[in-house]
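Here is how the chains run, residue by residue.
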Amino acid sequence: MFSHLSALSGNYTPTPLQIIEYGPGSLSLLPELIHKLAPPPSDSSPTKVLVVTGTSLTDKTPVIQDIQALLEKADVESVVFKGIGQHAPIQGIRDAVDLVLKEKCTVLVSVGGGSPIDAAKAIAYFVKDQTKSERFMPQIAIPTTLSAAEFTMNAGYSDESGSKVGVSDALIVPRAIILDANLSLHTPQRLWLSTGIRALDHALESLYRKGSQGPLKHLALAAVQELFVCLPLCTDDSKNVDVRARLQIAAWESLWLNSVPTAIGLSHSLGHKLGATYSIPHGICSCLTLPPTLLLLSSTLPLTSWGLVSLASALAYIPSSYHPTDQLPPTTVSSEENTLRADAWKVGKAVEKLVNELGLGGGKLERDYGVKREELGGLAEAAMKGLEGWEGMPGWEEVEREVLGRIY
């Protein structure tokens, strides 16, 4: 008998992340974390922080000023670099590396969404490479979205051509993370909700991804349930800090600390190809690609695979109000003898309903982002290259037709 723990052997290696402070007001612990994780160098030079962020948080909110004031009060010197754009273009990372070396910064504090957090990882990577240091600069991440980039060892950025590339090392993960829901009150609602779908993407793709560990699936399923409950609550009361704190914990559960450098799944792989190339935000990529990806996988994952069993098991964690009642599964996934495919298909339809309910659905690649029909095949083929050897993955032609074609 199969369960979502059908793969009963494997390997789990946690990342070197040491501390997570969470809850409203936890930002106040930043100076203490800096002193604990990055004491002054042995040559008696002072600890100096580079705050890595973007222009919106710096110029349109009090968040960065408040962080600088907090550090100044604790006698910690800081410099702000606000040149990290969407998908972390490489030039911004290079400029930040130059600033680290010029100002002799010893600690990175990233503030914002996935782009500044991934950029800070890349900055640490390239500073070590340039200085031939034995260690990476320590980073403390302070996310203001639900993208969960702070929990991975991958640092994605855009190269000169606009393509998504990256570096990866278990030691570039942040040493500490602060999840302070108060800071998220400054995050635009569409960005907050769409990165919540990004977290849902993490959770659901963790259920079928190659090498996914059993204990982490329990956390992913808990994240699925909480995201389905709390994201709609944020549309009812966008200033409810307790709901926002629950969502931050759900994002944490969706992408638990794991030293795995590979792609999370098909939806993510497609998002990496679409996002940087066509300037589509991370969260919106998931809103576009996750529902049709799940619908396709419900018909391609083998009936006897733990991936299909795990994906189908998520239906029990989704509120029944999201279960499709006006549509029947297609004959390709419907079977009286085995309901796994139908349940997995219903998970995809439930995600589609949630995306639409949050006001994030209906996006089209050509109309909204200028993607040309003749480019779909190349995008699908490139996305599938990182998933070679995964059980039940469709061919790129199916991905072009059934995923990208449906959102074209």
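**Q** Honestly, the environment of Arg 244 in this entry has me stumped. Any pointers?
**A** Structurally, Arg 244 is set in helix α8 (residues 241-254). Since its relative accessible area comes to 2%, Arg 244 is described here as buried. For the pair Arg 244 and Val 107, spaced 137 residues apart in sequence, the C-alpha separation works out to 28 Å. With near-sequence residues (within four places) excluded, Arg 244 lies in contact with Ala 181, Ser 184, Leu 185, Gln 189, Trp 192, Cys 234 and Ser 238. One polar contact links the side chain of Arg 244 to the main-chain carbonyl oxygen of Ser 238, over a distance of 2.8 Å.

**Q** Got a minute to help me understand helix α5 (residues 114-131) in this structure?
**A** At 3.6 residues per turn, the α-helix brings residues three or four places apart onto the same side. Compared with an ideal rise of 1.5 Å per residue, which puts 18 residues at 26 Å, α5 spans 26 Å between its outermost C-alpha atoms and is within 8% of the ideal. Within the span of α5, buried status applies to Gly 114, Ser 115, Pro 116, Ile 117, Asp 118, Ala 119, Ala 120, Lys 121, Ala 122, Ile 123, Ala 124 and Val 127.

**Q** I tried to follow the sheet that holds strand β8 (residues 176-179) on my own but got confused; where do I start?
**A** Strand-to-strand pairing in sheets goes through backbone hydrogen bonds, with the strands running parallel or antiparallel. Within the open sheet, the six strands sit side by side as β1-β8-β5-β4-β2-β3. Their pairing is parallel. Edge positions in the sheet fall to β1 (19-22) and β3 (77-81), since each has one partner strand and no second. Strand after strand, the sheet turns through a mean of 20 degrees between neighbouring axes, direction not considered. Here strand β2 (residues 48-52) runs beside strand β4 (residues 107-112); their pairing, made up of four bridges, is parallel. Within β4, the residue paired with Val 52 across the bridge is Ser 110. Each of β2, β4 and β5 (139-143) touches α5; the most contacted strand, β4, lies at about 160 degrees to it.

**Q** When you look at the nonpolar core in this model, what are you seeing that I'm missing?
**A** Nonpolar side chains in soluble globular proteins tend to be buried together. Leu 200, Leu 204 and Leu 365 are the most contacted members of the largest nonpolar core, which totals 69 residues. Setting aside its immediate chain neighbours within four residues, Leu 204 contacts Val 224, Leu 290, Leu 294, Leu 311, Ala 314, Val 347 and Val 351. Ala 88, Ala 155, Tyr 157 and Val 167 belong to the second largest nonpolar core, which has 26 residues in total.

**Q** Before we go on, may I ask you to explain α8 in this structure?
**A** For α8, spanning 14 residues, the distance from its first C-alpha to its last is 20 Å, which sits close to the expected 20 Å at 1.5 Å a residue. Most of α8 is tucked away: 11 of the 14 residues are buried. Taken together, the buried positions of α8 are Val 241, Val 243, Arg 244, Ala 245, Leu 247, Gln 248, Ala 250, Ala 251, Trp 252, Glu 253 and Ser 254. On its buried side, α8 packs onto β1, β5, β8, α6 (189-208) and α7 (214-236).

**Q** So what exactly am I meant to see when it comes to the packing of helix α4 (residues 90-103) against α5 here?
**A** Interhelical geometry of α4 versus α5 gives an angle of 55 degrees and a closest axis separation of 9 Å. Taken together, the axes of α4 and α5 are oblique relative to one another. Relative to α5, the crossing made by α4 is right-handed. Packed against α4, whose contacting residues are Ile 90, Ile 93, Ala 96, Val 97, Val 100 and Leu 101, the element α5 presents Ala 119, Ala 122, Ile 123, Phe 126, Val 127, Gln 130 and Thr 131 at the interface. When the residues that make up the contact of α4 with α5 are grouped by side-chain class, the tally is 11 nonpolar, two polar and no charged.

**Q** So what exactly am I meant to see when it comes to the pattern of salt bridges here?
**A** Pairing is possible between side chains of opposite charge, provided their charged atoms come close. Counted according to the given criterion, the structure contains 11 salt bridges. We note a salt bridge from Asp 59 to Lys 82, for which the minimum N-O separation is 3.1 Å. Of the two residues, Asp 59 is situated in helix α2 (residues 55-60) and Lys 82 in the loop between β3 and α4; the sequence distance between them amounts to 23 residues. The residue Glu 352 makes a salt bridge to Lys 349 at a minimum N-O spacing of 2.7 Å. Residue Glu 352 and its partner Lys 349 are located together in helix α12 (residues 340-357), separated by three residues, close to a single helical turn. Through salt bridges that share partners, Lys 48, Glu 77 and Glu 103 make up one connected network.

**Q** In this structure, what is going on with the side chain of Ser 298? I would like to understand it.
**A** Mapped onto the elements, Ser 298 comes out in helix α10 (residues 282-300). Polar side-chain contacts of Ser 298 include one of 2.6 Å to the backbone oxygen of Leu 295.

**Q** How should the confidence of the model for the protein be read in this particular structure?
**A** The predicted structure's coordinates, where accompanied by low pLDDT, should not be read in detail. Mean pLDDT for the protein: 92, with 95% of residues reaching 70 or above. Every residue in residues 1-6 is under pLDDT 50, and counting partners more than four places away or in other chains gives 13 contacts.

**Q** Please clarify how the pairing of strand β6 (residues 154-158) should be interpreted in this entry.
**A** Along any regular strand, the residues point their side chains to alternate faces of the sheet. Of all the five residues making up β6, four are buried; the element is thus mostly covered by neighbouring parts of the structure. Sheet analysis places β6 next to strand β7 (residues 164-168), joined by five bridges and oriented antiparallel. Across the sheet, the residue bridging to Ser 158 is Lys 164, located in β7. Counting the residues between successive antiparallel strands, the hairpin from β6 to β7 contains five residues, one of them, Gly 162, with a positive phi of roughly 90 degrees.

Basis of the calculations
- Residues numbered from 1 in each chain as written.
- Predicted model: local features only at pLDDT ≥ 70, side-chain atom pairs only at ≥ 80, totals over all residues.
- Heavy atoms only, no water.
- Helix = DSSP H or I, 4+ residues; strand = E, 2+ residues; numbered from the N terminus.
- Buried < 20%, exposed > 50% of the residue type's maximum accessible area, 1.4 Å probe, protein only.
- Contact = heavy atoms within 4.5 Å.
- Polar contact = N/O pair within 3.5 Å; in protein donor to acceptor, adjacent residues only side chain to side chain.
- Expected span 1.5 Å × (residues − 1).
- Pairing = 2+ DSSP bridges.
- Axes fitted to C-alpha atoms, helices over the stretch in contact; angles between N-to-C directions.
- Core = buried A, V, L, I, M, F, W, Y, C linked by side-chain atoms within 4.5 Å.
- Parallel < 35°, antiparallel > 145°, perpendicular 65-115°, else oblique.
- Left-handed = near helix turned anticlockwise from the far one by under 90°.
- Nonpolar A, V, L, I, M, F, W, Y, C, P; charged D, E, K, R; others polar.
- Salt bridge = Lys/Arg side-chain N within 4 Å of Asp/Glu carboxyl O.
- pLDDT = per-residue confidence, 0-100.

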